[in-house]
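For reference, the chains in residue letters:
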Amino acid sequence: MSKCYHCNVTVLDDRETCPLCRGVLEMSGETKLSYPNISMKRRKLELTRRLISFFAITAIIISLYIDYHTKNSLDWSLITTGGIILFLAVFLVITNPASGYRKRLFVPFCGAVIYIFFIDFVTGYSGWSANYVFPGAMFLLNFVLIMLMIINRRSWQSYMIYQLAGVLVGAIPILLIYMGIVTKPLLSELSFGSSVLLFVGTLLIGGRAAHVELQRRFYI
Amino acid sequence: MSKKYSHWERLDNTANVFPVIADEQTTNTYRIEMIMTEKVDPGLLQEALDMVLPRFPGFDLRMRSGIFWYYMEENGKPAPRVYEENDYPCRFINRNKNNSYMFRVSYYKSRINLEVFHALADGMGGFVFLRELCYQYLRLKHPDIRKKMGDALSPETSLNREDSFKANFRKRASSTYKVKKAFLIKGEKLPFKGLGVIHGIMSVSELKSVCKNYGISINEYLVSAFVYSTYRNFGRGVSRRRPIRIAVPVNLRPFFNSITTKNFFVMVSAEFIPEPEGREYSFTEICEIIHNSLKSQITREHLEEIFSYNVANEDHLISRAVPLPLKNLAIKLIYSKSALANTSTITNVGNITVLDEYKPYIKMFRGLIPVSMGQELKTTIMSYQDILVCTITTSFLDTSVPMDFFRMITKDNIKVEIETNGVFE
């Protein structure tokens, strides 16, 4: 331990200056490190994230520049920009120590769907994203939910709220059919139907456990 | 799960706020540390946690989002893995990690740490769990104790999960919260969103003797020392419009005969307004102001008024029927106003007791609370036997307020030992 004569305290840390006033300490006994050194670990992770962000922004600027100067308009570079932004978002979420598995699944999934829509718009909007990609994403979501219920069967009922969300989101293509945006309605209708069937099936087959789960979720 | 349908429970009145406002900056995760006399054996600590957790239904929980409210239900997964401490204290607990538990156990050298998300339990509730965990750990480490004590929970432990706010709510009351902005301490932050920790270790008997001379309690003395050091460093910014206000959590259990392990506390605020502005105050004058401010608020009637207002709001049909996303927006707005109404928080967990059989192996207890919006310097007080530890947690690089705080204490001839987490270079 060491003594700070400015603060009149005994300092137990292993250091040369007082942590309160930064005055020089008089060493008089054993000192100790009672906490691990965090700064170095944090520094490395933060540096990596900042470097990747910098390279991503540089790549975006370079691709926009080359595209504009070769064609006098922005074309393919918008697609690469969208891809780089998607990569960066996924990278930052995955390398964030506080992110849970849901955020790490949800962000790449939604990001990929939005990116595919974006490609369709940039390439002149022929409607294939609304006709095929969105319903395909809903099928994939329902498949993932079924797999999760099987893997995590001890709390299968906890996925019912996501099935319900899937029904609500799956109704969006039905709305787009009425608005004339979706021109090939079959896949959209099938994906909405599969979301509804999944929820209703879970409710009926799940029995009392499913009802109890919904009671808790809707408790007012 | 032995039962067909897992147990579930609503969050208590205070806990409804925490999942809404908690993020990496405002983690609402507090820590209690137990310092042993010997190095921690991680294998035995894990075994102890695996044995104790199933006996604590109040900790064997996970949080879920309903359409109108958050709620907790039985977790049932294997206990979280104990690990060697490798990050700043009081980090955010993600409810989709850590086997969905809302607490974590770590160790470093001879110290065992329990970090708890505040929605699960307050300091008293967290401490009860840590104490049983350490009892079990010591029984595994020292078979002679196990032979004598057995593996049952100790009789001083409570597993009660009553929502004592609801149980003691009588009638609607008007709001007693201060919402006017307080003076807020500002300064250069530690790098990498770090959290600085400064423990001030002192003798309870020396403190008691000094406090007797001032005619105030230990809590009032330490709050006064904090106000004094803040005013010394930032006096020009303190005024009637921006007073120094210290939030002091009050444990309601003794007032209402409750033994719940859920949250059961309210916040009162000790206020200091310089009259006239810029005037010099002696420490004795500040002690008197703080003493009078706290004394008038810590009565059973006033404390009941405070939580009755909150419970009445929660029970109102309109607020119940609002979907959770909208409710969260409203809670965030209200919270951001009330968070800026206090300069800092000083929480006193009180005197910790352990059974005699375990005393030879336990050196000290310490508590840490995380910083939050507008309050980036907070204090936790905890005592065990004759050792009182006053822990300051801060996101500031500048230590002028802690420096004057501890200098004020040493001026009264109280010996102080300082230990930090090494971030103040």
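As shown above, the structure is provided for reference.
Reading guide: rules and limits
- Residues numbered from 1 in each chain as written.
- Chains lettered and ligands numbered in written order.
- Predicted model: local features only at pLDDT ≥ 70, side-chain atom pairs only at ≥ 80, totals over all residues.
- Heavy atoms only, no water.
- Axes fitted to C-alpha atoms, helices over the stretch in contact; angles between N-to-C directions.
- Helix = DSSP H or I, 4+ residues; strand = E, 2+ residues; numbered from the N terminus.
- Parallel < 35°, antiparallel > 145°, perpendicular 65-115°, else oblique.
- Contact = heavy atoms within 4.5 Å.
- Nonpolar A, V, L, I, M, F, W, Y, C, P; charged D, E, K, R; others polar.
- Phe/Tyr/Trp six-rings, centres within 6.5 Å; stacked < 30°, edge-to-face > 60°.
- Buried < 20%, exposed > 50% of the residue type's maximum accessible area, 1.4 Å probe, protein only.
- Arc of directions from axis to C-beta.
- Pairing = 2+ DSSP bridges.
- Buried area = accessible area lost by both parts, 1.4 Å probe.
- Salt bridge = Lys/Arg side-chain N within 4 Å of Asp/Glu carboxyl O.
- Polar contact = N/O pair within 3.5 Å; in protein donor to acceptor, adjacent residues only side chain to side chain.
- Disulfide = S-S within 2.5 Å.
- Left-handed = near helix turned anticlockwise from the far one by under 90°.

Novice: It is not clear to me how the packing of helix α4 (residues 128-151) of chain A against helix α5 (residues 160-178) of chain A should be interpreted in this structure. Could you clarify?
Specialist: Helix-helix packing is characterised by the crossing angle of the two axes and by the distance between the axes. All names here are of chain A. Running from N to C, α4 and α5 cross one another at 170°; their axes reach a closest spacing of 10 Å. Taken together, the axis directions place α4 and α5 in an arrangement best described as roughly antiparallel. Touching Phe134, Met138, Leu141, Leu145 and Met149 of α4 are Tyr162, Gln163, Gly166, Val169, Gly170 and Pro173, all from α5. Of the residues belonging to the contact of α4 with α5, the class tally is eight nonpolar, three polar and no charged.

Novice: What exactly am I supposed to notice about the packing of aromatic side chains here?
Specialist: The relative placement of two aromatic rings is captured by the distance of their centres and the angle of their planes. All names here are of chain B. A complete count under the given rule lists 31 aromatic pairs over all chains for this structure. Judged by centre distance (5.6 Å) and plane angle (80°), the ring pair of tyrosine 228 and phenylalanine 283 falls under edge-to-face. Taken together, the residues tyrosine 228 in helix α7 (residues 218-234) and phenylalanine 283 in helix α9 (residues 283-297) connect sequence positions 55 residues apart. Judged by relative accessible area, tyrosine 228 falls into the buried class, the value being 14%. With a relative accessible area of 6%, phenylalanine 283 lands in the buried category.

Novice: I keep staring at helix α6 (residues 204-214) of chain B and nothing clicks. Help me out?
Specialist: Along an α-helix, residues three or four apart share an orientation, since each turn contains 3.6 residues. Residues and elements named next belong to chain B. Within α6, the full set of buried residues consists of Val204, Leu207, Val210 and Cys211. Looking down the long axis of α6, one finds its buried residues gathered within 130° of arc, a one-sided arrangement. In α6, the exposed positions that point more than 90 degrees away from the buried face belong to Lys208, Lys212 and Asn213. Elements that come into contact with the buried residues of α6 comprise β8 (196-203), α7, β13 (377-384) and β14 (387-394). With its phi angle positive at about 75°, glycine 215 sits one or two positions after the end of α6.

Novice: Would you explain the sheet that holds strand β3 (residues 61-65) of chain B in this entry?
Specialist: Pairing between the strands of a sheet comes from backbone hydrogen bonds, and it takes one of two forms, parallel or antiparallel. All names here are of chain B. Within the open sheet, the three strands sit side by side as β1-β4-β3. Their pairing is antiparallel. Two strands in the sheet have a free side with no partner beyond their single neighbour: β1 (8-10) and β3. Averaged over all adjacent pairs, the angle separating strand axes in this sheet is 30°, with direction ignored. Here five bridges tie β3 to strand β4 (residues 70-74), and the two strands are oriented antiparallel to one another. Bridged to arginine 64 within β4 is tyrosine 71.

Novice: Is there a simple way to think about the pairing of strand β9 (residues 244-251) of chain B in this case?
Specialist: Working note: regular strand, side chains alternate between the two faces of the sheet. All names here are of chain B. Of all the eight residues making up β9, seven are buried; the element is thus mostly covered by neighbouring parts of the structure. In the sheet, β9 pairs with strand β11 (residues 344-352) via two bridges, with the strands oriented parallel. Paired with isoleucine 246 across the two strands is serine 344, which belongs to β11.

Novice: Looking at this model, I keep getting lost on the side chain of Ser155(A). Mind explaining?
Specialist: By the secondary structure assignment, Ser155(A) is in the loop between α4 and α5. Filtering out sequence-adjacent residues up to four positions away, Ser155(A) remains in contact with Arg62(B) and Arg64(B).

Novice: Looking at this structure, how should I read the interface of chain A and chain B?
Specialist: Often the size quoted for an interface is simply the accessible area lost on bringing the parts together. The interface of chain A with chain B comprises 44 residues on the first partner and 57 residues on the second. In total, chain A and chain B occlude about 4700 Å² of area from one another, counting both sides; carbon and sulfur atoms represent 49% of this. Contact with chain B buries area across many residues of chain A, yet Tyr35(A), Arg216(A) and Ile220(A) alone supply 18% of it, more than any other trio. Viewed at the interface, chain B and chain A are joined by one salt bridge. Here Glu73(B) makes a salt bridge to Arg216(A), at a shortest N to O gap of 2.8 Å. Run the count over chain A and chain B and you get 25 residue pairs in polar contact (both at pLDDT 80 or more). A class-by-class count of the residues in the side of chain A that touches chain B yields 19 nonpolar, ten polar and 15 charged. Note: strand β2 (residues 9-11) of chain A against strand β15 (residues 417-420) of chain B, two bridges, orientation parallel. Following the sheet pairing, Val11(A) is matched in β15(B) by Ile418(B).

Novice: I tried to follow the pattern of salt bridges on my own but got confused; where do I start?
Specialist: Residues and elements named next belong to chain B. Under the counting rule described, the total for this entry stands at 28 salt bridges over all chains. Put simply, glutamate 115 and arginine 31 hold a salt bridge, and the shortest N to O gap is 3.0 Å. Of this pair, glutamate 115 sits in strand β7 (residues 111-117) while arginine 31 sits in strand β2 (residues 29-36), and the two are 84 residues apart along the sequence. The exposure class assigned to arginine 31 is buried, which follows from its relative accessible area of 2%. Note that arginine 366 is salt-bridged to glutamate 419, the shortest N-O span being 3.4 Å. Residue arginine 366 is found in strand β12 (residues 362-368), and its partner glutamate 419 is found in strand β15; the two are separated by 53 residues along the sequence. In this structure, arginine 366 and glutamate 419 share a single accessibility class: buried. A cluster of three or more residues bridged by salt bridges with shared partners is formed by Arg31, Glu33, Glu85, Arg104, Arg111, Glu115, Arg366 and Glu419.

Novice: How should the state of the cysteines be read in this particular structure?
Specialist: Working definition: the covalent bond between the sulfur atoms of two cysteines is a disulfide. All names here are of chain B. As enumerated under the stated definition, the model contains zero disulfides over all chains in all. Just so you know, cysteine 134 is unpaired, no disulfide at all, and the nearest cysteine sulfur is the one on cysteine 90, 17 Å from it. What makes cysteine 134 buried here is its relative accessible area of 0%. As a non-bridged cysteine, cysteine 390 has cysteine 211 as the owner of its nearest cysteine sulfur, 11 Å distant. For cysteine 390, a relative accessible area of 0% translates into the label buried.

Novice: What is the right way to read unusual backbone geometry from this model?
Specialist: The omega torsion of the bond from Glu275(B) to Pro276(B) falls at -10°, within 30 degrees of zero and hence cis. Structurally, Pro276(B) can be placed in the loop between β10 (265-272) and α9. You will see that Tyr125(A), though not glycine, has its phi angle at about 45°, which is positive. On the accessibility criterion, Tyr125(A) (30% relative accessible area) is partly exposed. Although it is not a glycine, Lys193(B) adopts a positive phi angle of roughly 50°.

Novice: Help me understand the packing of α7(B) against helix α13 (residues 400-411) of chain B in this model?
Specialist: All names here are of chain B. Axis separation between α7 and α13 bottoms out at 8 Å; the angle between their running directions is 130°. Taken as axis vectors, α7 and α13 run oblique relative to one another. The handedness of the crossing between α7 and α13 is right-handed. Contact with α7, carried on its side by Tyr221, Leu222, Ala225, Phe226, Tyr228, Ser229, Thr230, Arg232, Asn233 and Phe234, involves Ser400, Val401, Asp404, Phe405, Met408, Ile409 and Lys411 of α13 and no other residues of that element. Tallied by class, residues from the contact of α7 with α13 come to ten nonpolar, four polar and three charged.

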